[in-house]
Amino acid sequence: MEEAEREKKQLDALELLHKDAIDNIRLYKQQQFTITNYAIALYVAIVAIYDRFPKSTDFEKGILSAVSTVVFIIGSALILRFHWSMMGCRKRMEKI
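Residues numbered from 1 in each chain as written. Predicted model: local features only at pLDDT ≥ 70, side-chain atom pairs only at ≥ 80, totals over all residues. Heavy atoms only, no water.

All right, on to the pattern of salt bridges then. In this structure the tally under the stated criterion is 4 salt bridges. The closest approach of N and O atoms between Glu-3 and Arg-6, which form a salt bridge, is 3.2 Å. Of this pair, Glu-3 and Arg-6 both sit in helix α1 (residues 2-52), 3 residues apart, which is roughly one turn of that helix. Across the salt bridge formed by Asp-23 and Lys-19, the nearest N and O atoms sit 3.2 Å from each other. One end of the pair, Asp-23, and the other, Lys-19, are both in helix α1, 4 residues apart, so they sit about a helical turn from each other. Shared partners join several salt bridges into a network, and the residues in it are Lys-19, Asp-23 and Arg-26. (Salt bridge = Lys/Arg side-chain N within 4 Å of Asp/Glu carboxyl O. Helix = DSSP H or I, 4+ residues; strand = E, 2+ residues; numbered from the N terminus.)

Written out as structure tokens, the structure is:
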């Protein structure tokens, strides 16, 4: 009887670990989509600002280019960070 209870507890623990890993993957994927949506919104804003002021100087164009580059770098870094975390969760699921 004691052995059956121990096995049930182990199975329950594995089930909780599996559920936690799946929830984490779902959260990471949701965060990736949120970051992508915000980056697209920022790019649209940059294009709208550029179109709003057609006679912009080279300095202003440089600022818009720098902002778009920063958005790209930060967005890519965050998406990659979540991707690596998601891969860690998938490896944990394989072990389970």
